[in-house]
Amino acid sequence: VIALTANVYMEHLKEDATVGFDEVLVKPFKERDLYEKIVNVLKPENMTRNGMDFPNGKEIVSDESLFSLKYLEKTSGANREFEIKMLELFIRNNTVHLEALKKGVSDKDWDAIYRIVHKMIPQFRYLEIGKTERKLKLLEELTGEIKDLEKIPALVKEISAETSQILLLLADEVDKLMKKNRHLEEAEDGMIVDHEKTR
Amino acid sequence: MNQPQKIVIVDDDEMTLELMRTGLEARHFTVYTAVDSMDAIKKIQESKPDLILLDIMLRIFPELNCLA
């Protein structure tokens, strides 16, 4: 059994949390790590190192671009339909998460906020939304350790504003990707028509 | 031809499940996904996987403590 965790600070994990697992994989996983760990655990003869031709890119966290589809592209092998599906999932999930965060603040339910933030962080990492992810990590720390509670409402407000903006940009991105897909299909149809004309 | 190896992924985040599924299916694994512990137990019993990828947060469910 391989353990999946969103916590990059392994020392924060209680020691017994990972006892009994063969391997631990931190989200967001790199394809190479995922495959290597699976090979380590299964050790099948037919899995050779030749199978590991994933690019091992450095993590890109940039403040200049608000998000990046590079990770999705790399993991899906630039499958546009898959990217659209992932972006739609992100938009749907985080629209709900934002409402739940607001409710958490008005109810002063720190545990609820902690659980929501814990679900948001890996999704923000998949789209490399570094700036907001750092704020989410701070919020996770404050609600996890129940400290500096007076800072939480303002922090949630910032996260909500940034995320709302990202959700709009992502909706545009989905439209763009869908248009590209349609153009591609039309181009393919066009080729078939041309081909038939030449007969 | 060897039988493809079976992997069950248990995670409550759909994005994680789908990203892993895509990566592993491209590597010719047969992938089953589960979003909670009851779903996981069902999939594990049905598929008898070679490997399980389990979100550590879900271990708080007593049903899954038997796995580790």
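Look up: the structure comes first, before these words.
What you see is a predicted model, and the numbers here were worked out from it, not measured in a lab.

### Focus: the packing of aromatic side chains
Think of a pair of aromatic rings as described by two things: how far the centres are apart, and how the planes are tilted against each other in angle. This structure, assessed with the given rule, holds 3 aromatic pairs over all chains. An angle of 65° between the planes, with centres 6.4 Å apart, marks the rings of Tyr35 of chain A and Phe29 of chain B as edge-to-face. With Tyr35 of chain A in helix 1 (residues 31-42) and Phe29 of chain B in the loop between helix 1 (14-26) and strand 2 (30-34), this pair bridges two chains. With respect to burial, Tyr35 of chain A and Phe29 of chain B carry one shared label: buried. Measuring from ring centre to ring centre gives 5.2 Å for Phe90 of chain A and Phe124 of chain A, while their planes differ by 55°; the resulting arrangement is tilted. Here Phe90 of chain A, found in helix 3 (residues 80-107), pairs with Phe124 of chain A, found in helix 4 (residues 110-126); they are 34 residues apart in sequence, far enough to count as distant. On the basis of relative accessible area, Phe124 of chain A is assigned to the buried category, the value being 0%. It is Arg27 of chain B that lies over the ring of Tyr35 of chain A; its NZ or CZ is 5.5 Å from the centre.

### A word on the interface of chain A and chain B
Of the residues lining the interface, 42 residues belong to chain A; the matching set on chain B comes to 30 residues. For the pair chain A and chain B, the two sides together bury roughly 3,000 Å², of which 70% comes from carbon and sulfur. Ranking the residues of chain A by area buried against chain B places Val1, Leu4 and Leu42 of chain A at the top, with a combined share of 19%. A salt bridge links Glu18 of chain B to Lys85 of chain A, with the nearest nitrogen and oxygen atoms 3.3 Å apart. Taken together, the connections running from chain A to chain B amount to 6 residue pairs in polar contact (both at pLDDT 80 or more). Elements represented by at least two residues in the side of chain A that touches chain B include exactly strand 1 (2-5), helix 1, helix 2 (70-76), helix 3 and helix 4 of chain A.

### Structural notes on the pattern of salt bridges
The tally for this structure, following the rule as stated, stands at 18 salt bridges over all chains. Arg32 of chain A serves as the salt-bridge partner of Glu36 of chain A, at 3.9 Å between the closest nitrogen and oxygen. Here the residue Glu36 of chain A and the residue Arg32 of chain A both occupy positions in helix 1, the gap between them amounting to 4 residues, near one helical turn. Of the residues examined, Glu36 of chain A reaches a relative accessible area of 27% and is grouped as partly exposed. Notably, a salt bridge pairs Glu158 of chain A with Lys135 of chain A, separated by 3.0 Å at the nearest N-O pair. With Glu158 of chain A in helix 6 (residues 152-197) and Lys135 of chain A in helix 5 (residues 130-145), the pair connects residues that are 23 residues apart, well separated along the chain. If you follow the salt bridges from partner to partner, you end up with Lys85 of chain A together with Glu18, Arg21 and Glu25 of chain B in one network.

Calculation notes
Residues numbered from 1 in each chain as written. Chains lettered and ligands numbered in written order. Predicted model: local features only at pLDDT ≥ 70, side-chain atom pairs only at ≥ 80, totals over all residues. Heavy atoms only, no water. Phe/Tyr/Trp six-rings, centres within 6.5 Å; stacked < 30°, edge-to-face > 60°. Helix = DSSP H or I, 4+ residues; strand = E, 2+ residues; numbered from the N terminus. Buried < 20%, exposed > 50% of the residue type's maximum accessible area, 1.4 Å probe, protein only. Lys NZ or Arg CZ within 6 Å of the ring centre and 35° of its normal. Contact = heavy atoms within 4.5 Å. Buried area = accessible area lost by both parts, 1.4 Å probe. Salt bridge = Lys/Arg side-chain N within 4 Å of Asp/Glu carboxyl O. Polar contact = N/O pair within 3.5 Å; in protein donor to acceptor, adjacent residues only side chain to side chain.

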